[in-house]
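Residue-level structure breakdown
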Amino acid sequence: MTSASGATKLWGGRFSGETDPLMEAFNESIHFDRRMYAADIRGSQAYAKALCKQGILTADEQQALDSGLTAVLAEWQAGTFELRSGDEDIHTANERRLGELVGSVAGKLHTGRSRNDQVATDMRLWLRDEVNALLGFLRELVGALVHRAEADIDVLMPGYTHLQRAQPIRWSHFLLSYAFWFQQDAQRLEQFLPRVAQLPLGSGALAGNPFQVDREWLAQELGFSSVTPNSLYGTSDRDFVAEFLFHCSLTMIHISRLAEDLIIYSTAEFGFVQLADAYSTGSSLMPQKKNPDSLELLRGKSGRVFGDMSGFMMTYKGLPSTYNKDMQEDKEPMFDAVDTLTGSLQITTAVIATLKVNAGKMKQSLTGDMLATDLAEYLVRKGVPFRQTHHISGAAVKMAEDRGCQISDLSVADLKTLHEAFEDDVLLVWNFEKSVDNRSSIGGTSRVTVQGQIEHLKLWLN
Ligand code: ARG
């Protein structure tokens, strides 16, 4: 773009000097905010109607603006919209093109409006649609997890704390733990929607609208649930961006943790799962390698989205009331977070749906010592206080370790030397299925409670 003299710019009346081309490039936001072209046009069409209601535009003028704006929209959609030098942002570009198409009446559109209330409106309109799309992707991911959990309900695996084998669990129980995280992410986004759908339009540059435009009518026209109740707040608020970036960061953290679990489970040492070829890559040097790149990227991109949030927060802090150009830096992190989360949710869903599960390897990894807690619980049922049973079971673990055998190989006579309450039925403890099914309070690993979790999520999905 060549430098344009101030006088040719939409805001150029008071300028006589040229803008340094470097400054022009530094200042423009069109190369990224063009993605909001449809929201910008929708907002303008609604605003023209509101001006018409106030008698600022005649019905004919409003009609001319409306069809002109529809023509501009069509150009964007067809990819034929041509940017000109001086198209600083999406707002000025659309208005410039509207003027070329409909003539001087285009100059009436911005009456009482500022790019300050316009940009805040565009962002909220744009983000609302994206949040709804993200909600769809979150539901698909929960659906994939639930589907797998249902199909694999018989598969048992070691559950971990501190990444050390702890107690047997169902593989489904593990999958569903993430499904509940993602369900919460979706619920948070749903609760966020009414906060996005507050209309700033009609706040002017900062001090409000002098033509008494009916802001509540505008809100209805644009499908917003309320109007911002203070024009300074309306133009300078970007909390909705900060909140959205937090929601994205938290969802990415859930994705990252799931990815980390699956990376560990897919190593040869664990061998619990195998990633489909479609989501892995090879090594350029080592022919045998199959790397979980999809999972590593998911884990890595969580850092990127967190960076979008923290970067934006640093920009946002310390701004004086109301609009400051710093705020132009709000859009790229918002766009990047939307794109990154959209891609990540889709890849996660596909990885889960195509994952191969090695139930045999999971079962082999279940060792008798993982039932030491069950042994203690056996004594509890015989009336021995838990604190005591914990010690007794610990002694049994040690006895097995000293003998180089599994705890389940100890005879009833061996166990009786540790406590007289042990009887023949202690042998029934050495059963992983039973251990898992014993935990049948809500939220536990039993078949019935896991099925309950599946039903709960299915109900929510429908
Ligand atoms: N491109 C600007 C932004 O993204 C639009 C608002 C400009 N307002 C202004 N007073 N210069 O923030």
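Residues numbered from 1 in each chain as written. Predicted model: local features only at pLDDT ≥ 70, side-chain atom pairs only at ≥ 80, totals over all residues. Heavy atoms only, no water.

Definition in use: UniProt positions are given in the numbering used here, feature names are shortened, and annotations may be inferred rather than shown by experiment.
Labelled according to an unreviewed UniProt entry, the protein appears under the name Argininosuccinate lyase, originating from Coemansia thaxteri. Among the UniProt annotations of the protein, the heading Catalytic activity (unreviewed entry) holds the following wording: "2-(N(omega)-L-arginino)succinate = fumarate + L-arginine". Here is the UniProt Pathway (unreviewed entry) comment for the protein, exactly as written: "Amino-acid biosynthesis; L-arginine biosynthesis; L-arginine from L-ornithine and carbamoyl phosphate: step 3/3."

**Overview of the overall build of the protein**
Test applied: The secondary structure listing takes helices from DSSP runs of H or I that are at least 4 residues long and strands from runs of E that are at least 2 residues long, numbered from the N terminus. In this description the radius of gyration comes from C-alpha coordinates, and the expected globular size is given by 2.2 Å times residues to the power 0.38. Exposure is judged per residue with a 1.4 Å probe applied to protein chains only, and the accessible area is read against the type maximum: over 50% gives exposed, under 20% gives buried, and values in between give partly exposed. Only heavy atoms enter the contact rule, under which two residues are in contact if any of them lie within 4.5 Å. Charged residues are defined here as Lys and Arg on the positive side and Asp and Glu on the negative side; His and the ends of the chain fall outside this count. A single reference atom marks each charge: NZ on Lys, CZ on Arg, CG on Asp, CD on Glu.
Along the protein, the regular secondary structure elements total 18 helices and six strands. Here the protein has a C-alpha radius of gyration of 31 Å; the compact-globule value for 462 residues is 23 Å, and the former is much larger. In terms of overall dimensions, the protein has C-alpha extents of about 100 × 55 × 40 Å along its principal axes. By the burial criterion, 50% of the 462 residues in the protein qualify as buried. Summarising the internal contacts of the protein: among those between residues at least 6 apart in sequence, 75% fall at separations of at least 24. Positive and negative charge centroids in the protein, built from 45 and 59 side chains respectively, lie 3 Å apart.

**Details of the UniProt feature "domain: Argininosuccinate lyase C-terminal" (unreviewed entry) in the protein**
The UniProt entry lists residues 370-437 under the feature "domain: Argininosuccinate lyase C-terminal" (unreviewed entry), expressed in the numbering used here. Annotated as 57% helix and 0% strand, the span residues 370-437 places its first and last C-alpha atoms 15 Å apart.

**Regarding the pairing of strand β2 (residues 164-170)**
Formally: A pair of strands is treated as paired once DSSP finds two or more bridges between them.
Pairing of strand β1 (residues 156-161) with β2 involves six bridges; the strand directions are antiparallel. In the sheet register, Thr 161 faces β2, and the bridge partner there is Gln 164. Between β1 and β2, which pair antiparallel one after the other, the connecting turn spans two residues, and His 162 there sits at a positive phi close to 55 degrees.

**Comments concerning the UniProt feature "domain: Fumarate lyase N-terminal" (unreviewed entry) in the protein**
With numbering matched to this structure, UniProt assigns "domain: Fumarate lyase N-terminal" (unreviewed entry) to residues 13-307. In this annotation, residues 13-307 is assigned 61% helix and 6% strand; the end-to-end C-alpha distance for the span is 39 Å.

**A short note on empty space enclosed by the protein**
We apply this condition: Every definition here rests on a 1 Å grid over the protein atoms only: cavities are sets of points where a 1.4 Å probe fits but cannot get out, pockets are open sets enclosed by protein on both sides within 12 Å along at least five of seven lines, and lining residues have some atom within 4 Å of a point. Grid points are joined across faces, edges and corners, and a volume is the space filled by probe spheres set on the points.
On inspection of all chains with the given rule, the structure shows one cavity of 30 Å³ or more. Of the voids in this model, the largest cavity is the one considered here, and its volume is about 30 Å³. The wall of the largest cavity is formed by Asp 40, Ser 44, Leu 69, His 91, Asn 94, Glu 95, Leu 109, Arg 113 and Gln 118. When residues in the lining of the largest cavity are grouped by element, the largest group, three residues, is from helix α5 (residues 90-102).

**As for the pattern of salt bridges**
The line we're drawing: In the sections that follow, a salt bridge refers to a side-chain nitrogen of Lys or Arg positioned within 4 Å of a carboxyl oxygen of Asp or Glu.
Following the criterion strictly, the structure yields 30 salt bridges and no others. Linking Glu 61 and Lys 108 is a salt bridge whose minimum nitrogen-to-oxygen distance equals 2.8 Å. Highlighted residues: Glu 61 in helix α4 (residues 59-78) and Lys 108 in the loop between α5 and α6 (115-151), separated in sequence by 47 residues. Note on Glu 61: relative accessible area 19%, which makes it buried. For Arg 115, the salt bridge goes to Asp 89, with nearest N and O atoms at 2.7 Å. Of this pair, Arg 115 sits in helix α6 while Asp 89 is found in the loop between α4 and α5, placing the two residues 26 residues apart along the sequence. Under the relative-accessibility criterion, Arg 115 is labelled partly exposed at 24%. Since its relative accessible area comes to 4%, Asp 89 is described here as buried. One network of salt bridges, with partners in common, ties together Glu 75, Asp 87, Arg 96, Arg 97 and Glu 100.

**Some thoughts on the side chain of Arg 148**
Tracing the sequence through the fold places Arg 148 in helix α6. For Arg 148, the contacting residues outside a window of four places in its chain are Leu 175, Ile 352, Ala 353, Thr 354, Leu 355 and Val 357.

**Quick word on unusual backbone geometry**
A cis amide bond links Ser 321 to the next residue, Thr 322, at an omega of 0 degrees. With respect to the secondary-structure elements, Thr 322 resides in the loop between α11 (293-316) and α12 (331-354). Despite not being glycine, His 162 has its phi angle at roughly 55 degrees, a positive value. One non-glycine residue, Leu 163, lies in positive phi territory at about 60 degrees. In this structure, Leu 163 sits in the loop between β1 and β2.

**Some points on the site of the ligand**
Our working definition: Near, as used in this document, describes a residue that has one of its heavy atoms within 4 Å of the molecule or strand being considered. Two N or O atoms form a polar contact when they lie within 3.5 Å of each other; inside protein one atom must be a possible hydrogen donor and the other a possible acceptor, and for residues adjacent in sequence the pair counts only when both atoms belong to side chains. Residue-level accessible areas treat just the shown protein chains as cover; the underlying method is Shrake-Rupley with a 1.4 Å probe. Gly counts as polar in this scheme, as do all residues outside two lists: the nonpolar Ala, Val, Leu, Ile, Met, Phe, Trp, Tyr, Cys and Pro, and the charged Asp, Glu, Lys and Arg.
Near the ligand the following residues occur: Ser 29, Asp 89, His 91, Arg 115, Asn 116, Val 119, Tyr 323, Gln 328 and Lys 331. Within the side chain of Asp 89, a nitrogen or oxygen atom sits 2.9 Å from a nitrogen atom of the ligand. Protein chains bury 86% of the 350 Å² of accessible surface belonging to the ligand in isolation. Top element by residues in the shell around the ligand is α6. It accounts for three residues. Class assignment of the residues belonging to the shell around the ligand gives a composition of two nonpolar, four polar and three charged.

**Some words on the nonpolar core**
Using the following cut-off: Remark: nonpolar core denotes a set of buried residues (Ala, Val, Leu, Ile, Met, Phe, Trp, Tyr, Cys) joined through side-chain atoms within 4.5 Å.
The biggest cluster of nonpolar side chains holds 102 residues, and the ones touching the most others in it are Leu 127, Trp 171, Phe 174, Phe 182, Phe 244, Leu 262 and Tyr 265. Of all the elements, α6 adds the most residues to this core, at 16 residues. With 19 residues, the next largest nonpolar core counts Tyr 378, Val 384, Val 412 and Val 426 among its residues.

**Comments concerning the packing of aromatic side chains**
The test is simple: In summary, the pairing rule links any two rings of Phe, Tyr or Trp, Trp by its six-membered ring, whose centres are within 6.5 Å, and it sorts them by plane angle into stacked for under 30 degrees, edge-to-face for over 60 and tilted for everything else. To sit over a ring, a charge needs its Lys NZ or Arg CZ within 6 Å of the ring centre and within 35 degrees of the ring normal.
This model, assessed by the stated rule, comprises 15 aromatic pairs. Note on Tyr 160 and Phe 270: the rings are 5.8 Å apart at their centroids and 55 degrees apart in plane angle, and the pair reads as tilted. Here Phe 270 lies in the loop between α10 (239-265) and β5 (273-274) and Tyr 160 lies in strand β1, a separation of 110 residues in the sequence. With respect to class, Tyr 160 is no different from Phe 270; both count as buried. Taking the centre distance of 5.4 Å and the plane angle of 45 degrees together, the rings of Tyr 265 and Phe 272 count as tilted. Of the residues examined, Tyr 265 reaches a relative accessible area of 5% and is grouped as buried. Within the aromatic cluster, the residues linked to one another by ring pairs are Tyr 160, Trp 171, Phe 174, Tyr 178, Trp 181, Tyr 265, Phe 270 and Phe 272. Directly above the aromatic system of Phe 335 lies the positively charged group of Arg 35, at a separation of 4.8 Å from the ring centroid. Residue placement shows Arg 139 over the ring face of Trp 460; its charged tip is 4.3 Å from the ring centre.

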